[in-house]
Amino acid sequence: MKRRNFIRLSALAGLLAGAKGVNALPVSGNKLKKEIYEWRIYNMTGDASIQDTYFEKALIPALNKYKVKVGAFKLFKEESAVKRFYLFVYPSIETYHQVQKKIWEDKTYLAASKTYFDQTASAPVYSHFDTYLCEAFDRLPVMLPAEKNSLQYELRIYKSPNEDANRRKVRMFNVEEIDLFHKKGIQSVCYGDILSGPEMPALMYLTWNKNQESRDAAWKAFGSSEEWNKMKVKPEYAYTATKVESIYLSPLAYSQI
């Protein structure tokens, strides 16, 4: 599993950078256009299936016209508070801006979404949603696809005490930590430096696992590694992430990630 994951990252690096090996992908000065990620976390108060139908039949097909993919998730273990997690993957910031305007001029989308908007105007299916707009990290400017039938994803949010600490934590990932993740079998999907969100400064990233056991084994290998124990005590990385939130997710049937 570890070797396969490292090979996946190496192959992507070679494809993007036109060179051999994962280390050929530059940490800074990257001329590749980085993806933009928009996470939306909906707090559902009504019938979540109405929301699912709208995304699957109306919104996602409209976004796909602009080469925007959408990941759709629910909590891995259902709680009393039902939530929906959506990851919008924009090829560029220009695409993000284009979509915000053009989608409301799309007659097919407007027709497909009319029932949803009419129905939920008087009977909302969610109370609100939190949104995070992120830019991909230099180290991984485009996402890595998860293996088919991946049953568990993990969304992690790292909050920093100030802007400089957040900048140094992003650098820590770019320079050393992502490579070590892949070496130890932590399966990356994407990493985002949060440009705008409800709690700042912070970063967030998504990984996938076959099951809880494989996830725990990879993190144990990472946490006990000599590389990590040397990395985490470097002065330049001190106090970079003071609060970590981990959320386990399951993909919905219509998820494109």
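Residues numbered from 1 in each chain as written. Predicted model: local features only at pLDDT ≥ 70, side-chain atom pairs only at ≥ 80, totals over all residues. Heavy atoms only, no water.

Asker: So what about the nonpolar core? Which residues, and what values?
Answerer: Formed by 27 residues in total, the largest nonpolar core has its most connected members in Phe55, Leu59, Leu63, Tyr86 and Phe88. Every element with two or more residues in this core is listed here: strand 1 (36–44), helix 2 (48–64), strand 2 (69–75), strand 3 (83–90), helix 3 (93–102) and helix 4 (107–122). In contact with leucine 59, not counting residues within four places along its chain, are Tyr54, Phe88, Ile103 and Tyr109. Residues Val89, Ala136, Ile157 and Met204 belong to the second largest nonpolar core, which totals 26 residues. (Core = buried A, V, L, I, M, F, W, Y, C linked by side-chain atoms within 4.5 Å. Buried < 20%, exposed > 50% of the residue type's maximum accessible area, 1.4 Å probe, protein only. Helix = DSSP H or I, 4+ residues; strand = E, 2+ residues; numbered from the N terminus. Contact = heavy atoms within 4.5 Å.)

Asker: Give me the lowdown on empty space enclosed by the protein, citing residues and values where you can.
Answerer: Space left empty within the atom packing is revealed by a probe, the size of a water molecule, rolled over the atoms. Tallied over the entire structure, the rule returns one cavity of 30 Å³ or more. The space that makes up the largest cavity amounts to roughly 40 Å³. Looking at the largest cavity, the residues that line it are Tyr37, Trp39, Cys134, Cys190, Tyr191, Gly192, Met204, Tyr205 and Leu206. Secondary-structure elements contributing two or more residues to the lining of the largest cavity are strand 1, strand 6 (187–196) and strand 7 (202–209). (1 Å grid on protein atoms, 1.4 Å probe; cavity = no way out; pocket = protein on both sides within 12 Å on 5 of 7 lines; lining within 4 Å. Points joined across faces, edges and corners; volume = space filled by probe spheres on them.)

Asker: So what's going on with a nonpolar patch on the surface? Which residues, and what values?
Answerer: On the surface, Trp104, Leu110 and Phe117 cluster together into a nonpolar patch covering about 290 Å² of accessible area. Considering the arrangement of structural elements, one finds tryptophan 104 in the loop between helix 3 and helix 4. (Patch = residues over 30% accessible without salt bridge, like charges linked within 9 Å, V, L, I, M, F, W, Y side chains within 5 Å. Areas by Shrake-Rupley, 256 points an atom, 1.4 Å probe, with all protein chains shown as cover. Salt bridge = Lys/Arg side-chain N within 4 Å of Asp/Glu carboxyl O.)

Asker: So what about the packing of aromatic side chains? Which residues, and what values?
Answerer: For the structure on display, the rule yields 31 aromatic pairs. For the ring pair tyrosine 54 and tyrosine 109, a centre distance of 6.5 Å and an interplane angle of 50° mean the geometry is tilted. Pair noted here: tyrosine 54 is in helix 2 and tyrosine 109 is in helix 4, with a separation of 55 residues, a long-range link. Across the pair, exposure class does not vary: tyrosine 54 and tyrosine 109 are buried alike. The structure contains a cluster of three or more aromatic residues connected by ring pairs, namely Tyr42, Tyr54, Phe55, Tyr86, Phe88, Trp104, Tyr109, Tyr116, Phe117, Tyr126 and Phe129. Directly above the ring of tryptophan 219 sits arginine 156, whose terminal nitrogen or CZ lies 4.3 Å from the centroid. (Phe/Tyr/Trp six-rings, centres within 6.5 Å; stacked < 30°, edge-to-face > 60°. Lys NZ or Arg CZ within 6 Å of the ring centre and 35° of its normal.)

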